[in-house]
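Inside the fold
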Amino acid sequence: MPSFTDMLREKVLVFDGATGTHLQGQQLTADDFGGEHLNGCNEILVVSKPSAVQNVHRDYLDAGADIIETDSFGSSSIVLAEYDIAHRAYELSFAAAKLAKEMTRSYSTPGHPRFVAGSMGPTTKLPSLGHITFRAMADSYEEQARGLVEGGADLLCIETCQDVLQTKAALFGTFAYFASAKRRVPIIVSITVETMGTMLLGTEVGSALVSLEPYDIDVIGMNCATGPMEMSEHVRTLASMSPKPIFVMPNAGIPENVGGHAHYHLTPPDFTKFLTHFVKDLGVSVVGGCCGTTPEHIRQLVASVGSLAPTPRKPEFIPSASSLYQYSPLHLDPPPVLVGERTNANGSKQFRDLLAKEDWEGIVAMGKEAVKEGAHMVDVCAAYVGRDERKDMREILSRFNTQVPLPVVIDSTEAPVIEEALQLMGGKAVINSINLEDGEERIKAILPLCRSYGAAVIALTIDEEGMAKTADRKVAIARRIHDIAVHRYGMQPHDLIFDALTFTLGSGDEEFRRAGIETLEAITRIKRELPGVKTILGVSNISFGLAPAARHVLNSVFLHYAIEAGLDMAIVHAARIMPLYKIDERGREICRQLIFDERRFEEVPA
Amino acid sequence: MSETPKTRKVVYDPLTELMAYYATHTAAKKEAATVSAKVEDRLKQRVIDGDRVGLQADLDEALKSYPALEIINTILLDGMKTVGELFGSGQMQLPFVLQSAEVMKTAVAHLEQFMDKASSASKGTMVLATVKGDVHDIGKNLVDIILTNNGYKVVNLGIKCPIETMLHAADEHKAAAIGMSGLLVKSTLIMKENLEVMKERGITIPVILGGAALTRRYVEQDLRAVYGGPVLYANDAFDGLRYMEEIMAGSLGAVAVGAPEDEEDVLTGTEAKIALAQREDARYTAGDARPAVTGRRSAVATDVPIPTPPFWGAKVVEQITLEDVFAYVNEVALIRGQWQVRKGKLTEDTYRAVLEDKVHPVLRKLKQQCITEKLLQPGVVYGYFPCQSEGDDLIILQDDRKTERERLTFPRQNGDRHLCLADYFAPRSSGKVDVVGFQLVTMGKKAAEHSAALFSSNVYADYLYFHGLSVESAEALAELWHKTMRAELGIGGKDAKDVRRLFSQGYQGSRYSFGYPACPDLEAQTVLFRLLDGERIGVRLTDEFSLEPEQSTNAIIVHHPEAKYFNIK
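Let us look at the structure shown here. Remember, predicted model here, so these are calculated numbers, not experimental data. (Residues numbered from 1 in each chain as written. Chains lettered and ligands numbered in written order. Predicted model: local features only at pLDDT ≥ 70, side-chain atom pairs only at ≥ 80, totals over all residues.)

Overview of the packing of helix α4 (residues 50-63) of chain A against helix α6 (residues 89-107) of chain A
Residue and element names in this part refer to chain A. Following both chains from N to C, one finds α4 and α6 inclined at 35°, their axes separated by 10 Å at the closest point. Regarding α4 and α6, the two cross each other, and that crossing is right-handed. The residues of α6 that touch α4, namely those facing P50, V53, Q54, H57, R58 and L61, are L99, A100, M103 and Y107. For the contact of α4 with α6, a count of residues per class yields seven nonpolar, two polar and one charged. (Axes fitted to C-alpha atoms, helices over the stretch in contact; angles between N-to-C directions. Helix = DSSP H or I, 4+ residues; strand = E, 2+ residues; numbered from the N terminus. Left-handed = near helix turned anticlockwise from the far one by under 90°. Contact = placed C-beta atoms within 7 Å. Nonpolar A, V, L, I, M, F, W, Y, C, P; charged D, E, K, R; others polar.)

Rendered as structure tokens:
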């Protein structure tokens, strides 16, 4: 029998339609749910009144659906706790999958295999708003995933996602289960885009895609909230950007309140026309119906698209970092991407003072200021002697997640601090940083975190021998890190950002005269020899030790040449650079000569 | 470099040179620091340098020689243009661009008090936004300033704006153009997507694009090709003004419209075809840019999407509950019109008390009585028919969608707009077959009988109340059924949420009853009766062509987005 993944490549797959609407139509009584205290808990029906759920499955299988969803939208302990039956999460998830699997077994034929998707809803809590911790949420999802897969689900559908951090917790829990069970089923992740055009907490579709793209998931898409027409703009965004196949499961229109009941007006033909358009013109490969859709909607949908091959797409994914709200590409035109560095205990006295006073709102204000100053991302470092870095990071980032619209660069040397930070970020963060100073120790600690939480990482060209000074060594170290990260840890090259480092030209030491040249050359070669990776540089190191006016100018001119060499991102404080046109010819020329070491010599007799 | 270091002596070291140079020089360019004698130059430099200190004094000095608007349009914007060039060539980073924009904003805020707005009447409206995913609004806000100060109305939607929001605003404000701005390269892709969405919905409003990452070539070749209306590249804010002037004057060159695709494609853009006037008006007309009336026909669009009805022919509906009908009763028409309970000289409070204490209880009781005694028995017969227009005539076709089945002739306005009901349907010459709906609704024979009984028993108050409710219920049923038909046609998405607004045509399309100005010929109802077989629900057309029972009404249902009530002059 072909697998879901086989079929996904071969043809457009059709999910079933609404479960809740169908169950409501069956006029169930409190007794069917096992008593008044459980009335309305649809997930209990798989044991209290399995025939009602079987009716739903049967109608959709008869309508021709390739995939039916288990009656387990809220079978996690978090949701079941509302009915005081949190302890039954595994049992009900297992039963839901088993029930559905028995149905598909009797319908499946080699020519038309049917699959069971384990439905995993958003629960009732939003971790970004502090309703629940990431870990607690992940644990609950892990239990639900275990129940569903062990009960026979062929794939999992993490659906109706409201908060990207919730989605990440669901993925974390699911992958934790896969790791412990040493097995894996395909995963669909489906977000919900509200009528206002973003997810509930304000996340843009592109930003959600950026945050979820690093995960090892099979299909990405959207469901619920609106009808297909309102989704069309967002489907288009996914179609143009997503490297993964796309899933679309709209409601039968926007619900209208008719006499206190939600009424969905979109007829099966109109619903089908839209989804057919998505499939044929935009390249959507998995479709289905959410609230308000009926077996007739699905029957017509199957008739229209069920035997089509997926339309090929040419997605153009833009490697980026993201916040809960928006994404910032790792390369901009004109360059560079500016990383604000003031929210850093090592670099800013103001920040240190606020930290000492635990003035969290003041720190948030600094983060917001970075936006005004034109930064595209913000570096956050809470390492301050004598303080609990982990706790401080938690205080800062739980606020930044919802209050600062820029993606965060998590700047720490401590893996536990980084992990804590990642559990607070709805967006895709950048970790600063890894290197080979102690061999592969840091890589071993950090790269699994990048994979588990979907983060990009900055890698410094340092190895066991110390900071690389020549272009050759910088490139060699970058290549070594690249190979470990890509081949051993499955990182994508676009999530590796190399910092070729630079030394000051201000000391006059013969050893460092070529520091600028070596760094510029390394940037060009890393970009050329390791396709897809990005480069970053802390520009102001070049002028360390010089007087402020000279530093200001040298930083600015060096940044200019670094960009010419191919630099993508710069860690810089706007107050420490100035526009090139403001620097007079002579000053510019002296800096150029210094950077390229154009000293003039005279031969003298020995 | 030399390979014999031990024999070399450094005669020039840029490091010592740098230290020496900046021991005596400040970092910033000398020339820039010297204060120019000319206030024009000083102001321009302030914008470029992002230098706000002393700005107001310079502005006040400039005001002695120039009107405020000219200071903005020439001096300050000239500075911003330089900023744009420096940014584009990589000589200026974003933080400094933002500082320049701050100066610009401060200056405009100061100058605004000295400007007389061009005129109170706006010359035209532009909906303006930074596209989805982009937060940069400097360029966009400059366009806003310039257009506003030149007499245009600008609906500025801010940053990160989804296309749906722009289209909604363009519709709501009857905009003549949409301006999209964006700084990032990814924004140019979003602009392309936006234009594709608009194309698929059959929208043709002119679109003006601006932003650092755009090039004329990209806009005029790539973007123009994907859109059905004009696409214009604005190199700077003044281009935006120039284009608005051309759009309002109707002199926009045909060149601005993309390479003409084959007609079939234009007319059936997928989302347009899916009838999607559901929520968005299928068509925007650019105010005065609408094509002039040619010949006798009105300027009503002939390329709107044609909905597909769920069935062809006529159908009877019986299972309609009175509660549903009552929900659509226009209580204002009932109470003030039929029942003649008017405010007159009563105070607001007294009138409200009358309504609360007397009228509403009567109404509630009466409704209940109608339900329990089945005094009102709603019936509907309705249907959809293939049709085409020809001049002033609407031709209803046989099922073969070719042969003429019936023909209705409607009057045409003489004056201004030359409107005629026939114009809302696809003309025969287009080759397309349109759809027309007809409906006939009644509150049943019992309504007429009960009214007559009350009248003859001399209980006039009861008669007045019941008769009024029965007549208004027929209207309510017609309203309810029109709504159902809109939903079936897939054009219900534009319906007003508030039932009361439905009474003032808060929906797409229109319902024209025979006897009203657009279709005054009562005899034409015979056609409707033949199409629907109206007698099936117990309604009869009398010799004088009135309906019996009186608590009945009929209508032609038009789906065209421009169709509204009009008078024949």
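We are not done yet, so read on.
With respect to the nonpolar core
Core analysis: the largest hydrophobic core is formed by 284 residues, its most contacted members being L156, V248, V287, V430, V457 and A570 of chain A together with L209 of chain B. If one sorts the elements of this core by residue count, helix α5 (residues 68-88) of chain B sits on top with 10 residues. Composition of this core by domain shows at least three residues from each of domain 1 (4-219) and domain 2 (321-595) of chain A. What A570 of chain A contacts, discounting residues up to four positions off in sequence, is P336, L338, V339, I536, L537, V539 and L559 of chain A. Among the nonpolar cores identified, the runner-up in size contains 63 residues, and M443, F514, L531 and L541 of chain B belong to it. (Core = buried A, V, L, I, M, F, W, Y, C linked by C-beta atoms within 7 Å. Buried ≥ 20, exposed ≤ 12 C-beta atoms within 10 Å, placed from the backbone. Domains from an automatic or database assignment.)

Things to note about the interface of chain B and chain A
On the side of chain A, 57 residues touch chain B, which itself brings 56 residues to the contact. Of the residues assigned to the side of chain B that touches chain A, the class counts are 31 nonpolar, 13 polar and 12 charged. By the bridge criterion, four bridges tie strand β23 (residues 600-603) of chain A to strand β1 (residues 8-12) of chain B in an arrangement that is antiparallel. The residue bridging F601 of chain A from the neighbouring strand is V10 of chain B, located in β1 of chain B. (Pairing = 2+ DSSP bridges.)

Structural notes on the sheet that holds strand β20 (residues 496-499) of chain A
Each strand in a sheet pairs with its neighbour through backbone hydrogen bonds, running either in the same direction (parallel) or in the opposite one (antiparallel). All names here are of chain A. One closed barrel holds the eight strands; their spatial order is β13-β14-β15-β16-β17-β20-β21-β22, and the pairing between them is parallel. Sheet twist, expressed as the mean angle between neighbouring strand axes with direction ignored, is 25°. Relative to strand β17 (residues 456-460), strand β16 (residues 430-434) runs parallel, the two being bridged by four bridges. Across the sheet, the residue bridging to I431 is V457, located in β17.

As for the environment of D379 of chain A
Residues and elements named next belong to chain A. Turning to its location among the elements, D379 is positioned in strand β14 (residues 377-380). The exposure class of D379 is buried, given the 22 C-beta atoms found within 10 Å. Residues D379 and T343, spaced 36 residues apart in sequence, show a C-alpha to C-alpha distance of 6.4 Å. If we ignore the near neighbours within four places in the chain, the residues touching D379 are V339, G340, E341, T343, N344, V409, D411, N432 and I571.

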